[in-house]
Amino acid sequence: MQVLKVVLLLPVVVLGFAPPSSLHRTTTTRVQPQEAKKSVDDLGEAELKGKKVLIRCDLNVPLDGKTITDDTRIRASVPTVKYLLDNGASVAMCSHLGRPKEGPEDKFSLAPVATRMAECLGVDVKMAPDCIGEEVATMVEGLGEGEAMLLENTRFYKEEEKNDPAFVEKLAKPFDLFVNDAFGTAHRAHASTEGVTKYL
């Protein structure tokens, strides 16, 4: 008796399916190829050196005032950020923190996270005053190879959760590459998780 082996190759990307009523039709649908997404491990110094990289981290850490009470999420981002820095990228991290209601609120600033991230990475982490705008773009432009900065809380803008195209474009503009290291927020179609992929 002959045994047929079936090998499943994962991950599988489902591009579409045909409803039962169309199974007997002879029409053909042409699918446009899309550029494959890559893992950070697929990128080496040749691809990263001198590049401005925006990395979405999950830095939504618990705070008691300005004191971080659990830095687990910060430490979880360190290996990826360090890999990018070690390969000559200029890295700007972005994240949300808490649930600001009406624009910027000091209690939701990522400034304490920048301090702790610097300690974990062993390099200076510059703190941006915002996540978009000319001042941020100037800071990104001034980042040298192997240097890091942290953008201010993306949720200081309601456009972040609405995935507003104009906001997305401003967020992505100073960068060459995007890395999503925020597994816990990857399911959300927000500007800093999904929107920027249209530009980077």
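Conventions we followed
Note on numbering: residues in each chain are counted from 1, in written sequence order. Where totals are concerned, whole chains, interfaces and linings use all residues; where local detail is concerned, this predicted model gives features only for residues with pLDDT of at least 70, and gives and counts side-chain atom pairs only at 80 or more. Calculated side-chain values reflect all of the structure's heavy atoms, with hydrogen atoms and water omitted. Starting at the N terminus, helices and strands are each numbered in turn, a helix being any DSSP run of H or I of at least four residues and a strand any DSSP run of E of at least two. Only protein chains enter the accessibility calculation, which uses a 1.4 Å probe. A residue is then buried if its area is under 20% of the maximum for its type, exposed if over 50%, and partly exposed in between. Accessible surface is estimated by sampling points in the Shrake-Rupley manner with a 1.4 Å probe; for residues, cover comes only from the protein chains shown. Polar contact is defined as a pair of N or O atoms within 3.5 Å, subject to the rule that within protein one atom must be able to donate a hydrogen and the other to accept it, and that residues adjacent in sequence are counted only when both atoms are side-chain atoms. The salt bridge criterion pairs a side-chain nitrogen of Lys or Arg with a carboxyl oxygen of Asp or Glu, the two atoms within 4 Å. One less than the number of residues in a helix, times 1.5 Å, gives the span that helix is expected to have. Fitting axes to the seven residues ending at a residue and to the seven starting there, one defines the bend at that residue as the angle between these axes. One number per residue, pLDDT, summarises how confident the predictor is, and it ranges from 0 to 100. What makes two residues a contact is simply this: any of their non-hydrogen atoms within 4.5 Å. Lines fitted to the C-alpha atoms define the axes, with helices restricted to the stretch that makes contact. Angles between their N-to-C directions range from 0 to 180 degrees. With respect to orientation, any angle under 35 degrees is reported as roughly parallel, any angle over 145 as roughly antiparallel, any angle of 65 to 115 as roughly perpendicular, and every other angle as oblique. Handedness of a crossing is defined here by the sense of rotation of the near helix relative to the far one, left-handed for an anticlockwise turn of less than a right angle and right-handed for a clockwise turn. Gly counts as polar in this scheme, as do all residues outside two lists: the nonpolar Ala, Val, Leu, Ile, Met, Phe, Trp, Tyr, Cys and Pro, and the charged Asp, Glu, Lys and Arg. Among buried residues, the Ala, Val, Leu, Ile, Met, Phe, Trp, Tyr and Cys ones that are joined through side-chain atoms within 4.5 Å form a nonpolar core.

Before going further, it helps to spend a moment on the overall build of the protein chain. On a plain count of helices and strands, the protein chain comes out with six helices and seven strands. Secondary structure elements of the protein chain, listed N to C terminal, follow the sequence α-β-β-β-α-β-α-β-α-β-α-α-β. Within the protein chain, the proportion of its 200 residues that are buried is 39%. Only carbon and sulfur atoms are counted for the fraction: they give 53% of the accessible area of the protein chain, which is about 12600 Å².

Turning our attention to the environment of E47. Position of E47 relative to the elements: it lies in helix α1 (residues 45–48). Judged by its relative accessible area of 35%, E47 is partly exposed. Here the alpha-carbon distance between E47 and N87, two residues 40 residues apart in the chain, equals 8.7 Å. A distance of 2.7 Å separates a polar side-chain atom of E47 from the backbone nitrogen of G44.

Summed over all chains, the structure comprises 11 salt bridges. Across the salt bridge formed by E160 and R56, the nearest N and O atoms sit 4.0 Å from each other. Residue E160 is located in helix α5 (residues 158–162), and its partner R56 is located in strand β1 (residues 52–56); the two are separated by 104 residues in the primary sequence. Taking relative accessible area as the criterion, E160 reaches 0% and is therefore assigned buried.

An α-helical turn contains 3.6 residues, so a residue and the one three or four places further along point in the same direction. End to end, helix α2 (residues 72–86) covers 22 Å across 15 residues, agreeing with the expected 21 Å (1.5 Å per residue, within 8%). Its axis deflected by about 35° at V78, α2 carries its strongest bend there, up to four residues before the proline P79. Residues of α2 that are buried include every one of I74, S77, V78, T80, V81, L84 and L85, and no others. Of the residues flanking the end of α2, it is G88, one or two places downstream, whose phi is positive at about 90°.

Turning next to the confidence of the model for the protein chain. Any residue range with low pLDDT should be treated as having predicted coordinates unsuitable for detailed reading. Summary statistics for the protein chain give a mean pLDDT of 85 and a share of 80% for residues scoring 70 or more. For residues 1–34, every residue scores under 50 in pLDDT, and the model assigns this stretch two contacts once sequence neighbours within four places are set aside.

Time to look at the packing of α2 against helix α3 (residues 111–121). Direction vectors running N to C along α2 and α3 enclose 60°, while the axes themselves pass 10 Å from each other. Classified by the interaxial angle, the pair formed by α2 and α3 is oblique. Where α2 crosses over α3, the handedness of that crossing is right-handed. In this structure, α2 uses I74, R75, S77, V78, V81, K82 and L85 to contact α3, whose residues at the interface are V113, R116, M117, C120 and L121. In the contact of α2 with α3, the residues fall into eight nonpolar, one polar and three charged.

A few words on the nonpolar core. Ranked by size, the top nonpolar core spans 27 residues in total, and within it L84, M93 and V125 carry the most contacts. Mapped onto this core, the elements with two or more residues apiece are β1, α2, β4 (90–94), α3 and β6 (148–150). Not counting the four nearest positions on each side in its chain, M93 is found in contact with I55, C57, V81, M117, V125, A148, M149, L150 and L151. By size, the runner-up hydrophobic cluster in this structure holds 19 residues, among which are L143, L151, F175 and V196.

This part is about the environment of R56. The class for R56 is buried, based on a relative accessible area of 1%. Taking the C-alpha atoms as reference points, R56 and H96, 40 residues apart in sequence, are found 9.2 Å from one another. A polar side-chain atom of R56 sits 2.8 Å from a polar atom in the side chain of S192.

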